[in-house]
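Chains, contacts and geometry: an overview
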Protein chains: 4
Amino acid sequence: MLENMNEKCAVVGIYGHKEASKLAYFSLHALQHRGQEAAGISSSDGLKLHTIKDRGLVMKVFDEHKLTTLSGASAIGHTRYSTAGDDSILDAQPVFARYDLGEMAIVHNGNLTNAEEVRNALIKKGAIFQTFMDTENLIHLIAKSEKEKLTDRIIDAVKKIEGAFSLVFLSRTKMFAMRDRFGFRPLSLGRLPNGGYIVASETCAFDLVSAEYIRDVEPGELLIFEEGKEPISIKVFEPTPKHCIFEYVYFARPDSKVFGQSVYQTRKNMGKELAHIQPVEADIVIPVPDGGVPAAIGYAQESGIPYELGIMRNHYIGRTFIEPTQEMRDLKVKMKLSPMTDIIKGKKVIVIDDSIVRGTTSRRIVKMLKEAGAAEVHMRISSPPTTDPCFYGVDTPNKDKLIAANMSVDEICKFIEADSLAYLDEAGLLRSVHAEDDKYCTACFTGKYIV
Amino acid sequence: MLENMNEKCAVVGIYGHKEASKLAYFSLHALQHRGQEAAGISSSDGLKLHTIKDRGLVMKVFDEHKLTTLSGASAIGHTRYSTAGDDSILDAQPVFARYDLGEMAIVHNGNLTNAEEVRNALIKKGAIFQTFMDTENLIHLIAKSEKEKLTDRIIDAVKKIEGAFSLVFLSRTKMFAMRDRFGFRPLSLGRLPNGGYIVASETCAFDLVSAEYIRDVEPGELLIFEEGKEPISIKVFEPTPKHCIFEYVYFARPDSKVFGQSVYQTRKNMGKELAHIQPVEADIVIPVPDGGVPAAIGYAQESGIPYELGIMRNHYIGRTFIEPTQEMRDLKVKMKLSPMTDIIKGKKVIVIDDSIVRGTTSRRIVKMLKEAGAAEVHMRISSPPTTDPCFYGVDTPNKDKLIAANMSVDEICKFIEADSLAYLDEAGLLRSVHAEDDKYCTACFTGKYIV
Amino acid sequence: MLENMNEKCAVVGIYGHKEASKLAYFSLHALQHRGQEAAGISSSDGLKLHTIKDRGLVMKVFDEHKLTTLSGASAIGHTRYSTAGDDSILDAQPVFARYDLGEMAIVHNGNLTNAEEVRNALIKKGAIFQTFMDTENLIHLIAKSEKEKLTDRIIDAVKKIEGAFSLVFLSRTKMFAMRDRFGFRPLSLGRLPNGGYIVASETCAFDLVSAEYIRDVEPGELLIFEEGKEPISIKVFEPTPKHCIFEYVYFARPDSKVFGQSVYQTRKNMGKELAHIQPVEADIVIPVPDGGVPAAIGYAQESGIPYELGIMRNHYIGRTFIEPTQEMRDLKVKMKLSPMTDIIKGKKVIVIDDSIVRGTTSRRIVKMLKEAGAAEVHMRISSPPTTDPCFYGVDTPNKDKLIAANMSVDEICKFIEADSLAYLDEAGLLRSVHAEDDKYCTACFTGKYIV
Amino acid sequence: MLENMNEKCAVVGIYGHKEASKLAYFSLHALQHRGQEAAGISSSDGLKLHTIKDRGLVMKVFDEHKLTTLSGASAIGHTRYSTAGDDSILDAQPVFARYDLGEMAIVHNGNLTNAEEVRNALIKKGAIFQTFMDTENLIHLIAKSEKEKLTDRIIDAVKKIEGAFSLVFLSRTKMFAMRDRFGFRPLSLGRLPNGGYIVASETCAFDLVSAEYIRDVEPGELLIFEEGKEPISIKVFEPTPKHCIFEYVYFARPDSKVFGQSVYQTRKNMGKELAHIQPVEADIVIPVPDGGVPAAIGYAQESGIPYELGIMRNHYIGRTFIEPTQEMRDLKVKMKLSPMTDIIKGKKVIVIDDSIVRGTTSRRIVKMLKEAGAAEVHMRISSPPTTDPCFYGVDTPNKDKLIAANMSVDEICKFIEADSLAYLDEAGLLRSVHAEDDKYCTACFTGKYIV
């Protein structure tokens, strides 16, 4: 799968480092795969918050001078994926607010399921909304809470919202990290080499800034960072884990640990399970790069069929607005992917991808392999059919666009013109992530949404 | 005067034209001299508001495609001058809000004197502020008003604010234009060639879009634009005009009519009055371009001393970050202004400028003229000494930076090293603008602020 | 005149200053009005030449870092106007060459009339041409000369070319400045504050870098700059001056001295002569800014009719690619120029422009003034009818596009819909520039080309 | 190997397609890995050549409009890698020339070993050189040849040059492709779907434009493309193949066929040979991505040790100019590469890279793996020690910077702090590329240069 489903964003928080905004900057760079549309950082110098946010990649939004103006020992950051409209610039994060306790800034990964309802209630009471982000609800709820202390107000606020949220709050002197009771989206805690702290969506951010992984922020937990103290933990909700299993399937970087496990390992396991339950006689196993690589390695190891790099990915992409000539077939996919003809010609090929969303890309890949001379093309998918949209922070097409919601596996196989098609089943997926108990959200495969 | 005092912004509203955002775009271009830091337009297609705003000149912020997304028959626009900090992007206008009656967008030229007070009161009631603009107060006041209709809420809201405001509001179906009771900042009403309407800070915007000037929006007046109707006028406040006289002195474009009079004519009058009350024997009269041109023409006509273009302005400016060499004296002023040596050499020169703010630029100009061989340099200023900062929408330095607040005219003359220095007096200035009655704010010259 | 005829470029040379390329940079900035399409500088550090050139304004092409790489105590620079084609980048100057004596770079203002012929002869002998610039001829001629010393080769080379050339050559240790025998294009010599030298197309470059004007490089003169010596002068050709009179009419900056006279003064003289020979009863005299300003001041002084700023020029231009709406008439001219309606309404107006090329802009200006309510519009042009194209370094339209080559003055008057139209005659123009003898080229007015 | 050695460029030629420049554009995109500094295309419309070239990636240099101006049915293109100096813009290709037969443009991949000598001889005869590219020699030699026909002149010219050259020439009506007698650099011939032809450095360009591979242009062969005819072949030199073996080791894209063989297959073979002759007991085989992937797959298949993706490459790179904080160790390598900690921890790891140039990157990789917990790190290199610089078109560091030229394998192993280090030997490398006879240049490993 190359496109069509996207993690909506990444968050990071740095506390207790004199170059906090610089650490946030490098962390966001490591998290860039979770959102390329906009980036932002707020820092606090103890007296005042400073915010810079704009459209574009992290490296484009910030420069040395801007980071210097983001002074202070604490900072939070955000990268955003966007379906974008004309208003996109308004929707960059952090969201900043002045309110009765002073100033605060928030970054949010996730999606609130009662956002509309909460917003309407707030609007009825006279609130105004200046953006289209769920996150704006939170600053209103905090501002309107009748509690005196910010900690209590945050607790008040998160009790009124439902859905998925991994949040980091910055006030002038403190930082707060909070996850919903289900722990839908990841959020990990690390220690900076000099004693400060970092929280981030994925641990790959820790590696870049030489931080050490401590543990995940727990579902339902609020962590409070205060100067000169160890982080204070408050159990706001009883945890009932429902981690997004798609983080393992596709979103997270393979070198990250999320929900306590290595992403790469779980992906390899999916490939092994797939080989076990969906075997097929073939000459080579090849991945759709880069997403399918770990599962293909697993499949090859389990099946004993040789792993090959059968499709190459071209990383000099960017967008071209030049129309192809009439004879240039399938230019769009060819500019990204190209077949290793000599490896494929005359071979029975198992091609491993992480998922099929609309089916059009898979169809082009099969066609490309056939044109390169593959004798047979067997598509194997390292997750179950994607039948249902996500409401917890992933940008998915509507159900009518999800091919598996509208066709049987056989029909999909015909549509993509493969010789065979098979998916990993839910049980196999759960085994791959060592889900002894029921702690993952699999709604996109099962339609079983947590209410 | 070349810098140091700046109009804070310009507003425009278009109602009843199928290419409303395009007209707003060209109008903002004509108003670009009132703010070069940021630009924005909101349009309504009847169902939904669309907003695009960003840093930069109008021509840079918008392109054909963006204007297309700003669909609908009504649009409001804004250009902004900014003292800017790291947060500047957050402070572009229009300010957009969703609230209990739907959606609205506001543009504002002016400055609220009770902004802090109103904001604090709103914050105490749980409101949050996401920007540093006074304008945000207004959307809160409208949202929190207990009236049912938007018109009534606007009236409610503007009754709670004090200071200078020329406002244009856009809702999904209507547009509103409002001026404070003093009419500090200008706002004019025009008719589009096809029957729609335009309101704009200056009439130079009308000319570009082929609109016809009808009249000014009156101080204290609310104008309501509704489909298929003539604009409805409501007298919200009893008008007590106190127009910003500095619009005539410096801000407005000479080809505009503001407060009902030609800017160019009033500037020429100032020059004539100045010649009358501050005569000096000399060979030539020259302006500091471009601001001093009309007054210099008036001075020359009244005195009979020949008008000459004695200083040239270079319009290929932009900012250079290249450090000059040691021998390159006064590079900054020389890159903008250069003397006509042959005209000046050996002459007694009267140089006309519109005002002196800090004095440093005037000092460099005198020096430049002397180096070019002027026998005598007599500086004449077409307004009284600028002694007091503005609180009604003009960006002025603090009082301690205003040279006339800290030195006598004689001392200033010595500081700028001129052979003589004289200012127009308040009476002369008022005569220049035909102020039979007391309808102008002259606080920056007199310190007499309207409370 | 706002467009349609353009000086093709400007040159500058700096010798004997440790920050030579920086001085060249600032000089080019002062000369930017002579060419906005491309800019370039070559410097010599004594061992090697360094060249940077690119499309764009001087300020965009260079930055502090680039100037640092252009090390050495001598530098030459160029700005270029271009009719540009797809190959435009290839045609930026300086032109650099390695040849049998080492390295050299050349900048050239002018146009060679035997360029094609010389190039063909060179090509027949096996030379290759990599650009479309006449200047490339010169490096070939120098390289192929059989003389031993560069000085002799330059003399050899310039004897083979005909037409207009103000040249500056840079070798590793020397700089050379050369003007054709007619002195078509200007070139002045100045002294830097610390003892080095500058040559430049106009003296406005001297002012910016605090250099002092010494004299013009003479027609037919070669100046050689060598370390530790006064510039050596060689009379290569017997001078027969035919200076481009259009430099006075339009091209040069009014604060420059070219061909030994103040540009501003000659323009004022043109206005005075025009008032004298083409009087008309009217209420006001107004210029088409900025070109017509000095002549309008002269006309007003001579006629006693008041000078007014009747048309305003908007300097926030740039190009817009937004199509106007149907009702927006004459947008293109209106974005640049707008009328002072109150000054013009009901008045008999004399409008002064420097020239009429195609007639379309003049027509729009008359229309604009009439729409603003002018009772009568009398167009007065401060030069004779432009009837013939230039072959000496000015970009002019073909003869069939020059309105005065195809219509009588009466017909032009009708075409532009003015109440009257009159031009300055040749004699008046020559008087304005104090041409006691016949030392100016007036071919664009008379068709009398120097063969 | 991630950096330090670079192919200098890529060439492409399109003949007989009405959208020739568009095909050249897409082909250059496919060849972008061979040079990212500059790009250019020349086309011929039968009457005139058109050239656009500039710094930057192919996608940045061209847009739809520019491609439209590059009209005609034939086009040649170039991408360039550059060690760049201040003069870099001058050195983009195609090199264009007008000469006695008309116009021509050339693109060149390779390096002439007698360039200096030829240039000096040409300069002595009066030629001038405007760039620092060897390629400029060729247009001089062609222009100066005394033959009448271009074909003969090309033959004349290439007989005077020595070294590596894969050339494509464009005249107004014909296209020529030529390779040196050794065939150092690749050049393949393909057929466009509609009948026209393509020549390109690598066949990956063919796939994108739906062209079909015919054969390689032979060493010493000149191919002439003329309208309405099959390509004419002339054997200019007796072929004595010495193909650059490093194309297989590192430069070419794995999905290309160069010198008649699949790049991917030869790389896999290198891995297999390496496993055979340099076995080591270990738990996993991992590649340094992306270069080491095929060899690592081959090594794993041959050794039976599991292949794992042990190091991840981050493709959101770009350059950052932000200085890291003090604690951020090895930021530069970490921003590109990160370890799969869970895969590596406690394991004996074989890490496969294609080559070691300076050794510093390898040292950082070993350190990174050890920090990630690797029990042992065994570095295996799929080519022999790189001991000698290339003079045939590859940008290599000087010999004193090549670690293998200055240290023994043992010393290198100590330097990079690996537990063991072994290289593929020359015989193994030759077997990998099926070099029955002696048709490859291995000078960078052996110092045996072809004179």
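What you see as residue numbers is a count from 1 along each chain, following the sequence as written. Each chain takes a letter, starting from A, and each ligand takes a number, starting from 1, following the order in which they are written. Per-residue local features are limited, in this predicted model, to residues with pLDDT of at least 70; the limit for side-chain atom pairs, both in listing and counting, is 80 or more; totals at the level of whole chains, interfaces and linings are taken over all residues.

**Quick word on the relation of the copies chain C and chain B**
Our working definition: A residue counts toward the fit only if its pLDDT is at least 70 in both copies, and the copies are then superposed by least squares on the C-alpha atoms of those residues.
With an RMSD of 0.1 Å, chain C superimposes on chain B once it is rotated by 180° and translated 0.1 Å along the axis. The symmetry that links the two subunits is that of a two-fold axis. If distances are taken from each C-alpha of chain C to the rotation axis, the shortest is found for His-315 of chain C, at 3.6 Å.

**Some points on the interface of chain C and chain B**
Note the following rule: Residue pairs qualify as contacts under a 7 Å threshold applied to their C-beta atoms, which are placed from the backbone. Helix numbering and strand numbering both begin at the N terminus, where a helix is a DSSP run of H or I of at least 4 residues and a strand a DSSP run of E of at least 2. Put simply, Ala, Val, Leu, Ile, Met, Phe, Trp, Tyr, Cys and Pro go in the nonpolar bin, Asp, Glu, Lys and Arg in the charged bin, and everything else, Gly too, in the polar bin.
Taken together, the contact between chain C and chain B spans 51 residues of the former and 50 residues of the latter. Among the secondary structure elements, those contributing two or more residues to the side of chain C that touches chain B are helix H1 (20-30), helix H3 (64-69), helix H7 (204-208), helix H9 (263-277), helix H10 (293-303), helix H11 (331-336), strand E20 (337-339) and helix H12 (341-344) of chain C. Here the element with the most residues in the side of chain C that touches chain B is H1 of chain C; it accounts for five residues. Across the side of chain C that touches chain B, the residue classes tally to 27 nonpolar, 13 polar and 11 charged.

**Overview of the relation of the copies chain A and chain D**
Turning chain A through 180° and shifting it by 0.0 Å along the axis lays it on chain D, with an RMSD of 0.0 Å. By residue overlap, the copies meet face to face through one surface: 98% of the interface positions of chain A are interface positions in chain D.

**Topic: the domain arrangement of chain A**
Residues and elements named next belong to chain A. Selection rule: An automatic or database domain assignment supplies the start and end points of every domain.
Taken domain by domain, chain A comprises domain 1 (6-241) and domain 2 (266-317 + 329-433). Distance between the C-alpha centres of domain 1 and domain 2: 35 Å. Among the elements of the structure, strand E1 (6-7), strand E7 (102-112) and strand E8 (163-171) are those that each provide at least two residues to the side of domain 1 that touches domain 2. No other element matches E7, which puts three residues into the side of domain 1 that touches domain 2. Classifying every residue of the side of domain 1 that touches domain 2 gives three nonpolar, seven polar and three charged.

**Regarding the pairing of strand E21 (residues 348-353) of chain C**
Residue and element names in this part refer to chain C. Which entries qualify depends on this criterion: Put plainly, a residue is buried at 20 or more neighbouring C-beta atoms within 10 Å of its own, exposed at 12 or fewer, and partly exposed in between, counting only other residues' C-beta atoms, which are placed from the backbone. Here, strands pair whenever DSSP counts at least two bridges between them. Every crossover in which the path from the first strand over the helix to the second runs clockwise, viewed with the strands pointing away from the viewer, is termed right-handed.
Counting buried residues in E21 gives five out of six residues, a clear majority hidden from the surface. With four bridges joining them, strand E18 (residues 284-287) and E21 adopt parallel strand pairing. In the strand pairing of E21, Val-285 is matched with Ile-350. Direction of pairing for E21 relative to strand E22 (residues 376-381): parallel, over a ladder of six bridges. Note that in E22 the partner of Ile-352 across the bridge is Arg-380. For the crossover from E21 across helix H13 (residues 360-371) to E22, the handedness is right-handed.

**Here we look at the sheet that holds strand E5 (residues 74-80) of chain D**
Residues and elements named next belong to chain D. Just so we agree on the cut-off: Angular values range over 0 to 180 degrees, each being the angle between N-to-C directions of two axes fitted as lines to C-alpha atoms, with helices fitted over their stretch in contact.
The seven strands are arranged E4-E3-E5-E2-E11-E10-E12 in an open sheet whose pairing can be described as antiparallel. Two strands lie at the open edges of the sheet, namely strand E4 (49-55) and strand E12 (212-216), each paired on one side alone. Put simply, the sheet's adjacent strands are angled 15° from each other on average, direction ignored. Where strand E2 (residues 9-15) meets strand E11 (residues 197-200), four bridges bridge the pair, whose relative direction is antiparallel. In the sheet register, Gly-13 faces E11, and the bridge partner there is Val-199. Most of the contacts of helix H1 (residues 20-30) go to E5, to which it runs at about 25°, and overall it touches E2, strand E3 (38-44), E5 and E11.

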